Amino acid sequence: MSYNASAGPLIEHHHCTFKLLYTPRAHHQTQDPTQEDTLTPSGKGKRLPEVHCVVSKLGCFDLFAKILEEVERLRDISPALVHPFMRSVMEAPFPAPGRTVTIKSFLPGSGNEELTLCRPVDSRLEHVDFDSLLQCLSVGRLLQVFASLLLERRVIFIADKLSVLSRCSHAVLALLYPFTWQHTFVPVLPASMLDISCSPTPFLIRVLAPCLPELLELPIEEVLIVDLCADKFAVQLGDEDCILPSKLQAALQQILEEREDMLRREDGEQSGDHQADLSSLLSEAFVQFFVEMVGHYPQHMTESSNGSREIQRDSFRKSHPSRGVRQFLQLFMETQMFAGFIQDKELRKSGFRGN
């Protein structure tokens, strides 16, 4: 991934933290998650931006973010404190899923300090930061974005920081599980390539806020432009609040609002285990949404003349007792997301039968 940043000395560089997937060589199947933290060294005049980077084969972005935040805090006190802390991190055993590890460090004048690093039990949530998503978007707007992605519409996220774009886009895509976004996903669209957003195909694109005025002048058809900094839609179709079945949407909204209340009641001292529990709670709510909507699909799979299994679309849709769900399924069954889900499930089943 590339992003706009000056390669030369700067007088001021806005601090940002972001994550990406790095493929070290062509056709290599393993992608190494990378999390970077950029800032400007102290001093006068032009200085080269300073970058702290964590490279790992595990996408533990929340854990890495805590390490980088601690690096930044220690560096503000004294750059000499960074190396001993990083040495302690490297010497500590990497926590297994669902476990924690404590990093001890010594701070002159304050004594020993501890940093607790936690991995969620569900490794699927390791790269997900739902808190940032809920801080940027109200519950109602989040559900409208979720609904738009389910129908594979064109969605553009706008923010003034790469870190916000990164965290929110990864989080909203995680809400689609067990379905997977099948279309274009652009980490950051440079200003010189904004016309790509005029593509007629579905996409999720991230754009930095200074590009918004130019973006609004482009002839983009049927797009949802989400301003994460202002919690508003810069452009919308107008039907986003009517896409999801009303009863299922109300259930999701209640769970999201309860989780928001939990976050507001916390004083910032919550443990990593508690945060992981809240993330699991949120993820399970969306999984339950999909179970209620499509969980009955195996009952409508039949074997065709060539031996492959196909879903009987009409009987599948009409069998659901909710009229609202039936109307939604009429649209959702046309998406590549739905087709890919059915195909993947059947391939897994055929693989097990073959063994």
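A brief structural summary. (Residues numbered from 1 in each chain as written. Predicted model: local features only at pLDDT ≥ 70, side-chain atom pairs only at ≥ 80, totals over all residues. Heavy atoms only, no water.)

## Remarks on the packing of aromatic side chains
Evaluation of the coordinates by the stated rule reveals twelve aromatic pairs. Between Phe 64 and Phe 94 the ring centres are 6.5 Å apart and the planes differ by 50°, which places this aromatic pair in the tilted class. Placement of the pair is Phe 64 in helix H1 (residues 61-77) and Phe 94 in the loop between helix H2 (82-91) and strand E4 (100-107), with a sequence separation of 30 residues. On the basis of relative accessible area, Phe 64 is assigned to the buried category, the value being 3%. Seen in terms of ring centroids, Phe 332 and Phe 338 are 5.8 Å apart; in terms of plane orientation they differ by 65°. Their pairing is edge-to-face. Accessibility classification places Phe 332 together with Phe 338 in one group, the buried group. (Phe/Tyr/Trp six-rings, centres within 6.5 Å; stacked < 30°, edge-to-face > 60°. Helix = DSSP H or I, 4+ residues; strand = E, 2+ residues; numbered from the N terminus. Buried < 20%, exposed > 50% of the residue type's maximum accessible area, 1.4 Å probe, protein only.)

## Notes on the pattern of salt bridges
Under the counting rule described, the total for this entry stands at eight salt bridges. Taking the shortest distance from any N to any O, the salt bridge between Arg 153 and Asp 239 comes out at 2.8 Å. Note that Arg 153 is positioned in the loop between helix H4 (139-150) and strand E6 (154-159) and Asp 239 in the loop between strand E10 (232-235) and helix H7 (246-265), a separation of 86 residues in sequence. Counted as one network, the salt bridges with shared partners bring together Glu 70, Arg 73 and Glu 113. (Salt bridge = Lys/Arg side-chain N within 4 Å of Asp/Glu carboxyl O.)

## As for H1
Here H1 spans 24 Å end to end across 17 residues, near enough to the 24 Å set by a 1.5 Å rise per residue. Those residues of H1 that fall on the buried side of the exposure criterion are Phe 61, Leu 63, Phe 64, Ala 65, Ile 67, Leu 68, Glu 70, Val 71, Leu 74 and Arg 75. (Expected span 1.5 Å × (residues − 1).)

## Side note on unusual backbone geometry
In this structure, the amide linkage connecting Tyr 177 to the following residue, Pro 178, adopts the cis form with an omega of 10°. Summarising the element assignment, Pro 178 is placed in the loop between helix H5 (162-174) and strand E7 (184-186). Unusually for a residue other than glycine, Glu 152 sits at a positive phi of about 55°. Relative to the helices and strands, Glu 152 resides in the loop between H4 and E6. Positive phi is not limited to glycine here, since Glu 222 has a value of about 45°. In this structure, Glu 222 sits in the loop between helix H6 (212-216) and strand E9 (223-227). Relative accessible area serves as the criterion here: at 55%, Glu 222 is assigned to the exposed category.

## A look at the packing of H1 against H2
Any two packed helices are characterised by how steeply their axes cross, that is the angle between the axes, and by the distance between the axes. At their nearest, the axes of H1 and H2 sit 9 Å apart, and the two run at 155° to each other. It follows from the interaxial angle that H1 and H2 lie roughly antiparallel. Crossing angle aside, the handedness with which H1 passes H2 is right-handed. Between H1, through Ile 67, Glu 70, Val 71, Leu 74 and Arg 75, and H2, the contact on the second element is made entirely by Val 82, Phe 85, Met 86 and Val 89. Looking at the contact of H1 with H2 residue by residue, the class counts come to seven nonpolar, no polar and two charged. (Axes fitted to C-alpha atoms, helices over the stretch in contact; angles between N-to-C directions. Parallel < 35°, antiparallel > 145°, perpendicular 65-115°, else oblique. Left-handed = near helix turned anticlockwise from the far one by under 90°. Contact = heavy atoms within 4.5 Å. Nonpolar A, V, L, I, M, F, W, Y, C, P; charged D, E, K, R; others polar.)

## Overview of the sheet that holds E6
Where strands meet in a sheet, backbone hydrogen bonds hold them as pairs that are either parallel or antiparallel. Ordered in space as E7-E8-E6-E9-E10, the five strands form an open sheet in which the pairing is mixed. Because the sheet does not close on itself, it has two edges, and the strands there are E7 and E10. Recorded for the sheet is a direction-independent mean angle of 25° between the axes of neighbouring strands. Against the sheet, H5 engages E6, E7 and strand E8 (203-208), with an angle of about 165° to E8. (Pairing = 2+ DSSP bridges.)

## Focus on the environment of Arg 99
One can find Arg 99 in the loop between H2 and E4. We classify Arg 99 as exposed; its relative accessible area is 55%. For the pair Arg 99 and Arg 119, spaced 20 residues apart in sequence, the C-alpha separation works out to 5.9 Å. Here Arg 99 is in contact with Leu 117, Cys 118 and Arg 119, once residues within four sequence places are set aside.

## Things to note about the side chain of Ser 105
Here Ser 105 shows up in strand E4. Ser 105 gets classed as buried once you look at its relative accessible area, which sits at 15%. Among residues more than four places away in sequence, those in contact with Ser 105 are Phe 85, Gly 111, Asn 112 and Glu 113.

## Quick notes on the state of the cysteines
Under the definition given, this model contains zero disulfides. Free of any disulfide, Cys 136 has its nearest neighbouring cysteine sulfur in Cys 168, separated by 3.8 Å. On the basis of relative accessibility, which here comes to 14%, the residue Cys 136 falls in the buried class. (Disulfide = S-S within 2.5 Å.)

## Some points on the pairing of E8
For E8, the buried fraction is high: five of the six residues fall into the buried class. Note: E6 against E8, six bridges, orientation parallel. By the bridge assignment, Arg 154 is partnered in E8 with Phe 203. Pairing of E7 with E8 involves three bridges; the strand directions are parallel. Bridge pairing links Val 186 to Ile 205 in E8.

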